[in-house]
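Residues per chain, in single letters:
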Amino acid sequence: MAFGKTGIDWRSTIAAVWRSNRHFLKPITQVELIAPDSLLGIDEQKALLYKNTENFLRGKPSSHALLWGARGVGKTSLIKTLLTRYHSYGLRIIEIPKADLHLLPDITDDLREHHHHFILYCDDLTFEEGQREYSLLKSTMEGALETPPTNVLIYATSNRRSLLPAQFAANFNRDLRTDLAQSEVDAEFSLADRFGLSLSFEVMDKEIYLAIIDQLFKGKQVDRNALHEEALSFAGERGGYSGRTARHFLTHYQIYM
């Protein structure tokens with residue numbers, strides 16, 4: 001590992017990201033702090049993740065967390081709200097690309113004795129056939145001879161619960177697999193089970209989508225009925241309702257309407 005100790009002053013830095021091409025941990029100086037109240041339609045998921053994170057910060061039992069399900073409904077944004085709520089209580093987040101999960105043991109070695117609490121965050125955590133990073137992820141979460149650090153948790157987002165490659169998932173119920181393929185499928189299912197907290201996110205419905213639209217356009221002088229019609233038409237062209245689509249509609253409206 002090139003960087004040795006992280007070299008970051010975590011008193012003034014609340015988030016960092018691993019830069020693969022430069023092989024170093026980059027402090028994030030302009031952190032996007034999202035207000036928890038701005039996320040609509042996921043109150044249950046918010047409550048469970050916040051409770052888990054608060055337990056973590058207090059030294060109480062807590063779990064690694066997997067946020068999985070529909071695209072664009074707030075999984076990544078919910079992770080970002082953790083910094084808004086808890087950075088003043090010593091929470092720090094490090095984002096690690098999936099391709100660099102092999103660095104997890106080195107990074108956790110550097111964080112183990114630190115007085116801050118760290119969430120190692122991986123976005124879009126899915127594995128394709130032949131990838132083996134999940135084995136290192138499993139060992140980091142559960143430890144081997146050395147117990148896992150008490151001040152580090154792993155939070156990940158994914159569009160699917162199993163974390164399986166698509167071909168494996170399609171073949172899972174067939175009897176044509178080799179023993180090796182079966183063992184790999186079992187290994188990746190067991191990886192998902194290592195996340196003690198599993199939060200599912202459903203496809204957003206129209207009412208929540210329009211509520212987000214109203215929130216984004218709060219204070220603007222617009223005809224609400226016409227706005228809703230335009231927003232629904234925009235969502236239909238973009239494949240459905242989501243918070244991401246609502247934000248894109250806001251940008252579209254500001255540019256073209």
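Residues numbered from 1 in each chain as written. Predicted model: local features only at pLDDT ≥ 70, side-chain atom pairs only at ≥ 80, totals over all residues. Heavy atoms only, no water.

(A) Structural view of the overall build of the protein chain. Scanning the protein chain from N- to C-terminus turns up nine helices and seven strands. Taking all 257 residues of the protein chain together, 45% fall into the buried category. If you take every contact in the protein chain between residues at least 6 apart in sequence, the share linking residues at least 24 apart comes to 75%. (Helix = DSSP H or I, 4+ residues; strand = E, 2+ residues; numbered from the N terminus. Buried < 20%, exposed > 50% of the residue type's maximum accessible area, 1.4 Å probe, protein only. Contact = heavy atoms within 4.5 Å.)

(B) Region of interest: a nonpolar patch on the surface. A contiguous nonpolar patch, built from Ile-255, Tyr-256 and Met-257 and spanning about 380 Å² of accessible area, is present on the exposed surface. In this fold, Met-257 is placed in the segment after helix H9 (243-256). (Patch = residues over 30% accessible without salt bridge, like charges linked within 9 Å, V, L, I, M, F, W, Y side chains within 5 Å. Areas by Shrake-Rupley, 256 points an atom, 1.4 Å probe, with all protein chains shown as cover. Salt bridge = Lys/Arg side-chain N within 4 Å of Asp/Glu carboxyl O.)

(C) Unusual backbone geometry, seen in detail. Phi is positive for Asp-124, which is not a glycine, with a value near 55 degrees. Here Asp-124 lies in the loop between strand S5 (117-122) and helix H4 (133-142). Classification of Asp-124 as partly exposed rests on a relative accessible area of 39%.

(D) Here's a closer look at the pattern of salt bridges. This structure, assessed with the given rule, holds five salt bridges. Among the salt bridges present, the one from Lys-46 reaches Asp-43, with a minimum N-O distance of 3.8 Å. Here Lys-46 pairs with Asp-43, and both are found in helix H1 (residues 43-57), just three residues apart, close to one helical turn. Looking at Lys-46, the relative accessible area reads 10%, which means it is buried. The class of Asp-43 is exposed, set by a relative accessible area of 55%. When the shortest N-O distance is used, the salt bridge between Arg-85 and Glu-54 registers 3.3 Å. Within this pair, whereas Arg-85 is found in helix H2 (residues 75-86), its partner Glu-54 is found in helix H1, the two being separated by 31 residues in sequence.

Purely geometric stuff here, so don't read any function into it on its own.
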